[in-house]
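# Chains, contacts and geometry: an overview
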Amino acid sequence: MKIRNPLIGLIGLALLFSIATPSSGAIPSIERAALIALYNSTGGDEWGSTRGNNRRWKGEPLAEDGFSQNITGESWFGITMVADHVTEIKLPQNFLEGTIPPELGNLAHLKVLDLSGNNRLNPGIIPPELGKLENLTLLDLTATQCIGSIPAELGNLVNLETLSLGYNELTGSIPPELGNLEKLTRLSLGGNQLTGNFPLELLNLRELTHLSLASNHLTGKIPPELENLERLTVLDLSSNRLAGEIPPGLGNLTALTVLRLGSNPLTGTIPPELGNLTTLTHLSLASNRLTGNIPPELGNLETLTHLYLYLNQLSGNLPPELGNLGELTCIWFFHNQLTGSIPRELGKLEKLTDLRLQTNALTGSLPPELGNLVKLKTLHLSKNQFTGSLPPELGNIINVYELDLSENQFTGSIPPELGNLVKLSQLNLNENQLTGSIPPELGNLENLRYLQLNSNTLTGSIPPELGNLIKLYDLDLSTNQLSGSIPKTLLNLVNSGFGIDVRYNHLYTDDPEVKAFIDRENRNRTGWELTQTLFANITTTPITSLTSTSVDSGGEIELFSDTQVIARGICWSDHPKTSISDNSTMEGSGTGSFSSHLTDLSKGKSHYLRAWATNTEGKTDYGNEVYFRTPSKDEPIPDTGGDGGGGGSDCFITSVFATGVQGNTGSGVSPWGKIVLTGLFAIASISCGALPRRLITGLSLKIRPSSVEK
């Protein structure tokens with residue numbers, strides 16, 4: 001065809017060219033198709049919940065595929081375009097649901113792919129097609145529920161600088177092909193189920209600054225060649241199954257700020273070379289099998305803020321050089337075999353908020369310099385062998401929330417200065433040798449939830465000020481030598497789930513509200529009367545001479561306190577746990593045995609009795625309780641002329657009339673024969689004529705005197 005007008009020809013060529021190439025704001029169809037595949041396979045209509053992050057993808061005017069005709073970085077949420085090509089996809093925490101489409105591998109110009117935090121994605125594999133994205137610099141699929149193995153094809157991403165696949169369910173070994181990613185600075189594969197040894201190919205990644213393989217199932221040893229990754233600032237191999245010793249060469253990684261090797265079965269000692277890591281802020285070697293001393297060289301780590309060495313087998317003393325770590329906020333050394341005393345130098349750590357040294361073999365007294373740790377929030381020193389008195393300077397650590405000094409050998413009194421710790425939530429001083437009274441100043445601890453002073457030798461009364469602790473959940477004062485009346489102010493402690501334990505003291509109360517409170521809130525469900533240490537051992541003697549309206553009993557009193565018995569006797573009623581507020585006799589004073597004759601009993605009824613004694617402090621204790629039932633009338637068992645042989649008679653007893661209690665034995669005589677009380681199940685052996693038979697309480701009995709006892 002001959003073009004007669006050149007201008008018309010140029011216009012035609014321009015029109016043809018505009019049809020053949022994308023206009024401004026357009027992208028190649030293969031890239032558009034990849035984006036639409038991403039939208040459809042990840043539930044795009046629900047993206048961003050109510051934030052409308054999907055709205056512009058289907059904004060007017062629509063193309064035939066149902067999506068916006070024009071795609072620009074401003075129109076489609078999460079998409080960045082340069083020169084009409086998709087260069088970035090950033091959709092973190094965007095409520096994606098479904099799977100990652102393999103079509104993303106067609107985005108040849110893509111540099112950033114960030115789908116992290118979309119934990120609603122269905123479990124699926126990482127598409128190996130992503131290995132075609134040679135321009136990719138960042139791939140972040142953290143917490144996207146990916147399963148299966150890491151595609152070896154990712155080793156083709158030669159421009160990749162960040163690879164984050166952590167907190168998924170990836171399995172298999174780490175592909176050695178990742179060692180080809182020579183530009184990689186950040187590799188995060190933690191929180192998966194990866195197995196196998198540490199890949200030596202990763203040692204080729206000389207630009208690496210962040211390496212995290214934590215919380216997997218990696219085995220083998222930590223390669224000493226790691227010291228060649230000189231740019232590393234973060235090395236996290238914790239929570240694996242790595243064995244062997246810590247390579248001393250790690251001390252050459254002088255750029256490190258974080259070193260985490262905890263929760264492995266590592267053995268050997270802590271290399272003193274780690275003291276060269278003078279830029280370190282976090283050091284965790286906890287939950288291993290490390291032995292030996294804590295190297296004093298760790299005192300060189302002047303930028304260190306967190307030091308975790310707990311759950312090992314470390315021994316020796318605490319290095320005083322730790323006092324040089326002025327930036328330190330956390331020291332966790334618990335569950336080791338450390339000995340010696342706490343260095344006074346630790347009192348210089350003014351930024352310390354958490355000091356945990358429990359479950360070691362530390363000795364000596366607490367240095368008063370601990371009172372300088374005014375920012376301390378947690379102080380746990382339990383289960384050691386500390387001695388001496390508690391320094392009153394502890395009252396200076398006014399920001400402390402938890403103070404646990406239990407299970408040591410502390411002596412002396414409880415410092416009243418502890419009442420200054422108004423932020424305290426837990427105060428545990430149990431199982432020491434503390435003496436003196438409970439300071440009423442503890443009633444100032446308005447935020448206290450747990451107060452445990454049990455198993456000491458505390459004396460005096462319970463301060464009524466403890467009733468101010470209205471946030472208290474647990475009050476344990478048991479196993480001391482507290483005396484006097486329980487203050488009624490404790491009734492203020494009515495928090496949901498509150499429990500109180502005042503057993504094994506010399507306390508008393510006549511207030512029925514207080515008794516009911518102790519019964520209701522007692523942690524051990526033992527009831528009021530069993531919450532106290534008895535001042536005497538009181539034994540109720542078995543009943544004798546039982547008639548339809550009377551019975552004989554008594555008691556034996558053995559005193560084991562410094563008080564004296566000023567009154568004693570027998571009390572009885574028709575209900576268990578009878579007390580002197582029911583019927584009672586008065587049988588003088590003092591210890592030893594006494595007897596008592598009870599009259600005016602009801603015929604044919606159940607009764608309960610027990611011995612009692614009151615001491616000079618006004619406290620009443622009781623002996624074991626005896627149950628019996630009076631006969632309906634007084635007469636011998638009739639002779640039926642029975643068949644027992646040997647000239648005996650048949651004896652019929654149609655009601656249970658006596659019982660014993662656990663740990664108590666004795667004998668007596670009923671109108672029908674001899675009664676022997678014994679044992680937990682209150683079995684009564686009754687003789688009538690010749691041989692006895694047995695009766696378990698609550699059953700009727702037929703005795704044939706000539707029969708053999710079974």
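The preceding data block contains the structure.
Remember, it's a predicted structure, so these values are computed and weren't measured experimentally. (Residues numbered from 1 in each chain as written. Predicted model: local features only at pLDDT ≥ 70, side-chain atom pairs only at ≥ 80, totals over all residues. Heavy atoms only, no water.)

We now examine the side chain of Glu 31. Looking at where Glu 31 falls in the secondary structure, it is placed in helix 2 (residues 29-41). Buried charge without a salt bridge: Glu 31, with Arg 32 as the nearest opposite-charge side chain at an N-O distance of 11 Å. In this structure the side chain of Glu 31 is engaged in a polar contact, spanning 3.0 Å, whose partner is the backbone nitrogen of Val 86. Every residue in contact with Glu 31, bar those within four places of it in the chain, is listed here: His 85, Val 86, Asn 106, Leu 107 and His 109. (Helix = DSSP H or I, 4+ residues; strand = E, 2+ residues; numbered from the N terminus. Buried < 20%, exposed > 50% of the residue type's maximum accessible area, 1.4 Å probe, protein only. Lys, Arg positive; Asp, Glu negative; His and termini not counted. Salt bridge = Lys/Arg side-chain N within 4 Å of Asp/Glu carboxyl O. Polar contact = N/O pair within 3.5 Å; in protein donor to acceptor, adjacent residues only side chain to side chain. Contact = heavy atoms within 4.5 Å.)

Structurally, Thr 233 can be placed in the loop between strand 9 (210-212) and strand 10 (234-236). C-alpha of Thr 233 to C-alpha of Val 258: the two residues are 25 residues apart in sequence and 6.4 Å apart in space. Those residues in contact with Thr 233 that sit more than four places away from it in its chain are Thr 209, Ala 255, Leu 256, Thr 257 and Val 258.

A few words on helix 3 (residues 512-521). For helix 3, the complete set of buried residues consists of Val 514, Phe 517, Ile 518 and Glu 521. Mapping the buried residues of helix 3 onto a view down its axis gives an arc of 95°, with all of them on the same face. If you follow the buried residues of helix 3, they end up packed against strand 24 (499-501). (Arc of directions from axis to C-beta.)

For helix 2, with 13 residues, the first-to-last C-alpha span of 18 Å sits near the 18 Å given by 1.5 Å per residue. Glu 31, Arg 32, Ala 34, Leu 35, Ile 36, Ala 37, Leu 38 and Tyr 39 are the residues of helix 2 that are buried. Buried residues in helix 2 make contact with strand 1 (79-82) and strand 2 (85-90). In the segment just after helix 2, Gly 43 is the residue with positive phi, at about 65°. (Expected span 1.5 Å × (residues − 1).)

Any functional reading would require information beyond the geometric quantities listed.
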